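Notes for the structure review
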Amino acid sequence: MLVYFTDAVTKQSVAINPTYVCCVFVAQDGELKGKTVIALTSGTVIVEEDQTNVVGVIQGQLWV
């Protein structure tokens, strides 16, 4: 199952497979400071949604 978030750079919808998420954290510096970063096994995606919502959505899909 894919979950959808809003890419912080393009403002477009991005679908992520929660199986490949390694960690979720908030960027601490740079131009995207304060944005939520989703680290995947193949790279990262920076999204508009807050960290709590991202983790909740991902956990909800992994336990279904």
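Here, residues in each chain are numbered from 1, in the same order as that chain's written sequence. Reporting in this predicted model follows two pLDDT cut-offs: at least 70 for local features of residues, and 80 or more for side-chain atom pairs to be given and counted; totals over whole chains, interfaces and linings ignore these cut-offs and use all residues. In computing side-chain values, all of the structure's heavy atoms are included and hydrogens and water are not.

Counting from the N terminus, the helices are the DSSP runs of H or I reaching at least four residues and the strands are the DSSP runs of E reaching at least two. Scanning the chain from terminus to terminus reveals 1 helix and 5 strands. Only C-alpha atoms enter the radius of gyration; for comparison, a globular chain is expected to reach 2.2 Å times N to the power 0.38, where N is the number of residues. For the chain, whose C-alpha radius of gyration is 11 Å, the value lies close to the compact-globule estimate of 11 Å for 64 residues. Across its three principal axes, the chain shows a C-alpha extent of roughly 35 × 20 × 20 Å. Looking at the chain alone, contacts between residues at least 24 apart form 35% of all its contacts between residues at least 6 apart. The criterion used for residue contact is that any of the two residues' heavy atoms lie within 4.5 Å.

Our focus in this paragraph is the pattern of salt bridges. Definition used for salt bridges: Asp or Glu carboxyl oxygen within 4 Å of a side-chain nitrogen of Lys or Arg. Within this structure, the stated rule accounts for 2 salt bridges. Between Glu-48 and Lys-11 there is a salt bridge, and its shortest N-O distance comes to 2.7 Å. You can see Glu-48 sitting in the loop between strand S5 (43-47) and helix H1 (51-62) and its partner Lys-11 sitting in the loop between strand S1 (3-6) and strand S2 (13-16), a full 37 residues away along the chain. The closest approach of N and O atoms between Lys-35 and Glu-48, which form a salt bridge, is 2.9 Å. One end of the pair, Lys-35, is in the loop between strand S3 (21-26) and strand S4 (36-40); the other, Glu-48, is in the loop between S5 and H1, and 13 residues separate them in sequence. Judged by its relative accessible area of 25%, Lys-35 falls in the partly exposed class. Categorising residues by exposure relies on relative accessible area from a 1.4 Å probe, with only protein chains included: less than 20% of the type maximum marks a residue as buried, more than 50% marks it as exposed, and the intermediate range marks it as partly exposed. Judged by relative accessible area, which is 32%, Glu-48 ranks as partly exposed. Ionic contacts of the salt-bridge type, sharing partners, join the residues Lys-11, Lys-35 and Glu-48 into one network.

The subject of this paragraph is the sheet that holds S4. Strand pairing requires that DSSP identify at least two bridges connecting the strands. Read across the sheet, 3 strands follow the order S3-S4-S5 without closing on themselves; strand pairing throughout is antiparallel. One side of each edge strand has no neighbouring strand; the edge strands of this open sheet are S3 and S5. Going from strand to strand, the sheet's axes swing by 20 degrees on average, the running direction of each strand aside. Where S3 and S4 come together, 5 bridges link them in antiparallel fashion. Paired with Cys-23 across the strands is Ala-39, a residue of S4. Lines fitted to C-alpha atoms define the axes, with helix axes restricted to the stretch in contact, and inter-axis angles between N-to-C directions lie between 0 and 180 degrees.

This paragraph deals with the state of the cysteines. Here, the term disulfide refers to a pair of cysteine sulfur atoms separated by no more than 2.5 Å. Overall, the coordinates contain 0 disulfides when judged by the stated rule. A disulfide-free cysteine, Cys-23 has its sulfur positioned 6.5 Å from the sulfur of Cys-22, the nearest such atom.

In short, the description is geometric, and any link to function would need to be established separately.
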